[in-house]
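Fold and contact review
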Amino acid sequence: MEKVKLALPKGRLYDEIVKLLDEAGWELSKNGRSYRPIINDVELEVKILKPQNIPKLVELGSQDIAFTGYDWIIEQNADVTELLDLGFNSVRLVAATPKGLDMNQFKKKQIRVASEYENISKKYLEKKGFQYVFIKSFGATEAFVPEDADMLIDNTSTGETLKNNNLEICDTILTSSTKCIANKEALNDKEKGKKIRNIAMVLQSVIEGRRRLLIEMNISEEKLDTLIPSLPCMKSPTIAKLYGGEGYAVKIAVPKEKISSLIPILKEKGATDIIVMNLRKVVA
């Protein structure tokens, strides 16, 4: 089989993706200062690229499967297949202006707009009826306002950087997070498509494993029917008779956010010997 080409995003996302791959069983090692790290899978070939370049390269087929932000997929208008939403680097793409400005006044004059997102910005500004001059920025967009631009369009997670620069959000254009994407032709290839889908399945199992905890408990026979309706689980709980016939062992996989409220309920319903464990992978 021809190797499946896997693109990883350079920058702050890189370490998170490498950690995810490692938990899934794919180990990467540095190859000097090369942009081509070595991976412990002879069917894969890895390259590190800027995330804003990745969507179009996947569309064109020079990369088969990759990770990048949804914002860059939209910005590049890339015709790719989204396999997974990893949930990493969740941000909003916003329009921001100096504090206290009347947006209606902006529409009465030509304004200067700075952004790395040229296509998204122009579509937004035209839809809203602004007269504008677009200024392409290459990072640190917040520094443009107010001397060099009247508005910026940029991504933000908390909004703190904008506030620290005396800016306020006037509109949210879209929300974005890290996606796993694939080339459509590669997906239709019998061998490559199978490999790509298997990669996505294993990565999804790791993400699900991170979201859930495994709870094991014992319950007496007379209290089992009272306990079962209280159990959140993926499908149905795993129940096994205890040695000696004195009750049952019960296992459930539970979203992490439910643990703190669930354990007191389990105790109240008669559960004993409760054990909570991390999960590595969950395949539904």
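This is a predicted model, so every value here is computed, not measured.

A word on the overall build of the protein chain
Broken down by element type, the protein chain carries 10 helices and 16 strands. Taken over C-alpha atoms, the radius of gyration comes to 25 Å for the protein chain, far larger than the 19 Å a tight globule of 284 residues would show. Over its C-alpha atoms, taken along the principal directions, the protein chain stretches across nearly 80 × 55 × 35 Å. Residues counted as buried form 43% of the 284 residues belonging to the protein chain. Excluding contacts between residues fewer than 6 apart, the proportion of contacts in the protein chain whose partners are at least 24 apart in sequence is 70%. For the protein chain, the exposed area adds up to about 15500 Å²; of that, 47% sits on carbon and sulfur atoms.

Observations regarding the packing of aromatic side chains
Counting across every chain of the model gives one aromatic pair. Between the NZ or CZ atom of Lys179 and the centre of the ring of Tyr70, over which it lies, the distance is 5.4 Å.

Points about the sheet that holds strand β12 (residues 178–182)
With respect to topology, five strands assemble into an open sheet ordered β4-β1-β5-β12-β6, the strand pairing being mixed. Each of the sheet's edge strands pairs with one partner strand only, and the pair in question is β4 (44–49) and β6 (81–85). Neighbouring strand axes in the sheet, compared pairwise and without regard to direction, differ in orientation by 30° on average. Both strand β1 (residues 4–9) and β4 contribute to a ladder of six bridges, which runs parallel. Note on β4: the bridge partner recorded for Lys5 is Glu45. Along the sheet, helix α1 (residues 12–24) contacts β1, β4, β5 (65–69) and β12; its crossing angle with β1, the most-contacted strand, is approximately 135°.

Concerning the pairing of strand β13 (residues 212–219)
Along any regular strand, the residues point their side chains to alternate faces of the sheet. With six of its eight residues buried, β13 lies for the most part within the structure. Two elements, β13 and strand β15 (residues 248–255), share eight bridges in a ladder whose sense is antiparallel. The residue bridging Glu216 from the neighbouring strand is Lys251, located in β15. Pairing geometry for β13 and strand β16 (residues 272–278), over five bridges, is antiparallel. For Glu216, the partnering residue across the bridge sits in β16 and is Ile275.

Quick look at the packing of α1 against helix α8 (residues 190–211)
Here α1 crosses α8 at 100°, and the two axes come no closer than 9 Å. Between α1 and α8, the angle falls in the class roughly perpendicular. In this structure, α1 uses Lys19, Leu20, Leu21, Glu23 and Ala24 to contact α8, whose residues at the interface are Val202, Leu203, Val206, Ile207 and Arg210.

Topic: the pairing of β1
Counting buried residues along β1, six of its six residues qualify, which places the element largely inside the surrounding structure. Both β1 and β5 contribute to a ladder of two bridges, which runs parallel. Bridge assignment links Ala7 to a residue of β5, and that residue is Ala66.

Considering the sheet that holds β15
Pairing is antiparallel in the open sheet, where four strands are placed in the order β14-β15-β13-β16. Every other strand in the sheet has two partners, leaving β14 (238–241) and β16 as the edge strands with one partner each. Along the sheet, successive strands turn relative to each other by an average axial angle of 20°, direction set aside. α8 contacts β13 and β15 of the sheet and is inclined by roughly 55° relative to β13. This element, helix α10 (residues 259–268), spans β13, β15 and β16 of the sheet and lies at about 5° to β13.

What to know about the pattern of salt bridges
Counted under the stated rule, the structure contains 16 salt bridges. Residues Glu59 and Lys56 are paired through a salt bridge, measuring 3.0 Å at the closest nitrogen-oxygen approach. Remark: Lys56 and Glu59 occur in helix α2 (residues 54–60); sequence separation between them is three residues, near one turn of the helix. On the basis of relative accessibility, which here comes to 26%, the residue Glu59 falls in the partly exposed class. Where Asp85 meets Lys179, a salt bridge forms, and the shortest distance between an N and an O atom there is 3.2 Å.

Reading the values: the criteria
Residues numbered from 1 in each chain as written. Predicted model: local features only at pLDDT ≥ 70, side-chain atom pairs only at ≥ 80, totals over all residues. Heavy atoms only, no water. Helix = DSSP H or I, 4+ residues; strand = E, 2+ residues; numbered from the N terminus. Rg over C-alpha atoms; globule rule 2.2 N^0.38 Å. Buried < 20%, exposed > 50% of the residue type's maximum accessible area, 1.4 Å probe, protein only. Contact = heavy atoms within 4.5 Å. Areas by Shrake-Rupley, 256 points an atom, 1.4 Å probe, with all protein chains shown as cover. Phe/Tyr/Trp six-rings, centres within 6.5 Å; stacked < 30°, edge-to-face > 60°. Lys NZ or Arg CZ within 6 Å of the ring centre and 35° of its normal. Pairing = 2+ DSSP bridges. Axes fitted to C-alpha atoms, helices over the stretch in contact; angles between N-to-C directions. Parallel < 35°, antiparallel > 145°, perpendicular 65-115°, else oblique. Salt bridge = Lys/Arg side-chain N within 4 Å of Asp/Glu carboxyl O.

Keep in mind these values describe shape, not function.
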